[in-house]
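Below, each chain spelled out in residue letters.
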Amino acid sequence: MTNETTAPQPAPGTPARPPAGRYGPEPTERRRRLAIAAIAALAVVGLAIVVAIGVRFASQPVRHKLVGFDVVSSERVDVTFEVSMEPGTTAVCTVDALAESHAQVGALDVTVGPVDSLESRWTVSVATSELATTGVVESCRVVD
């Protein structure tokens, strides 16, 4: 004859629970409410950050995007970029030519506009003091 002892089985349909204290103190209603409040507060802070970033970028009067560049020679690089701004606006964009070491080997301030459409594409030639390996648009700003 065998002496078997079996642990009491939960009634069918009831969830199995770990032994008391095995995974820390039992959750209380107060602890649940605090966790929910903390999660809600983090969500509100996260949403505020997203809105602030969106407002900052939406309020920029002029935006630029590099389309490409062509290293023509050791003395010149052509840079193509798109500018987005309100029609009738004029901006000045600073275009840089960079060497392999990321040192600036050429720079050009170019007046863009006034334009008749929201987006426009521009290609400029930047004179370089040595061979450039890339061309970038450093910044664009609206002028009065």
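Structure report, in brief. (Residues numbered from 1 in each chain as written. Predicted model: local features only at pLDDT ≥ 70, side-chain atom pairs only at ≥ 80, totals over all residues. Heavy atoms only, no water.)

A word on the overall build of the protein chain
In terms of helices and strands, the protein chain carries 1 helix and 6 strands. Taken from N to C terminus, the helices and strands of the protein chain fall in the order α-β-β-β-β-β-β. Of the contacts made within the protein chain by residues no fewer than 6 positions apart, 61% connect residues no fewer than 24 positions apart. Roughly 10,500 Å² of accessible area belongs to the protein chain as shown, and the carbon and sulfur atoms make up 58% of that amount. (Helix = DSSP H or I, 4+ residues; strand = E, 2+ residues; numbered from the N terminus. Contact = heavy atoms within 4.5 Å. Areas by Shrake-Rupley, 256 points an atom, 1.4 Å probe, with all protein chains shown as cover.)

Observations concerning the environment of D96
Its location among the elements puts D96 in strand β3 (residues 90-98). C-alpha separation for the pair D96 and V137, spaced 41 residues apart in sequence, amounts to 6.2 Å. In this structure, D96 is in contact with Q104, G106, A107, T134, G135, V136 and E138, ignoring residues within four places of it in sequence.

Observations concerning the state of the cysteines
Evaluation of the coordinates by the stated rule reveals 1 disulfide. C93 shares a disulfide with C140; S-S distance 2.0 Å. Residues C93 and C140 share a disulfide whose torsion about the S-S bond is about 110 degrees; that sign makes it right-handed. Residue C93 is found in strand β3, and its partner C140 is found in strand β6 (residues 134-143); the two are separated by 47 residues along the sequence. Per residue, the accessibility class of C93 equals that of C140, and both read buried. (Disulfide = S-S within 2.5 Å. Buried < 20%, exposed > 50% of the residue type's maximum accessible area, 1.4 Å probe, protein only.)

Let's talk about the sheet that holds β6
A sheet is described by the order of its strands in space; here 3 strands give the open sequence β4-β3-β6, paired in antiparallel fashion. Edge positions in the sheet fall to β4 (104-112) and β6, since each has one partner strand and no second. Across the sheet, the axes of successive neighbouring strands diverge by a mean angle of 20 degrees, strand direction being ignored. Pairing between β3 and β6: 9 bridges, direction antiparallel. Residue pairing for β6: T94 is matched across the bridge by S139. (Pairing = 2+ DSSP bridges. Axes fitted to C-alpha atoms, helices over the stretch in contact; angles between N-to-C directions.)

Some words on the side chain of T94
One can find T94 in strand β3. Residue classification places T94 among the buried positions, given a relative accessible area of 15%. Residues within four places of T94 in sequence aside, it is in contact with L108, D109, V136, V137, E138, S139 and R141.

Focus: a nonpolar patch on the surface
A cluster of nonpolar residues, L66, F69, V71 and L131, forms a patch on the protein surface that exposes about 310 Å² of accessible area. Within the secondary structure, V71 is located in strand β1 (residues 62-73). Note on V71: relative accessible area 31%, which makes it partly exposed. (Patch = residues over 30% accessible without salt bridge, like charges linked within 9 Å, V, L, I, M, F, W, Y side chains within 5 Å. Salt bridge = Lys/Arg side-chain N within 4 Å of Asp/Glu carboxyl O.)

Comments concerning the side chain of T90
Relative to the elements of secondary structure, T90 occurs in strand β3. On the basis of relative accessible area, T90 is assigned to the buried category, the value being 18%. When neighbours within four sequence positions are excluded, T90 is seen to be in contact with M85, T111, V112, G113, P114, R141, V142 and V143.

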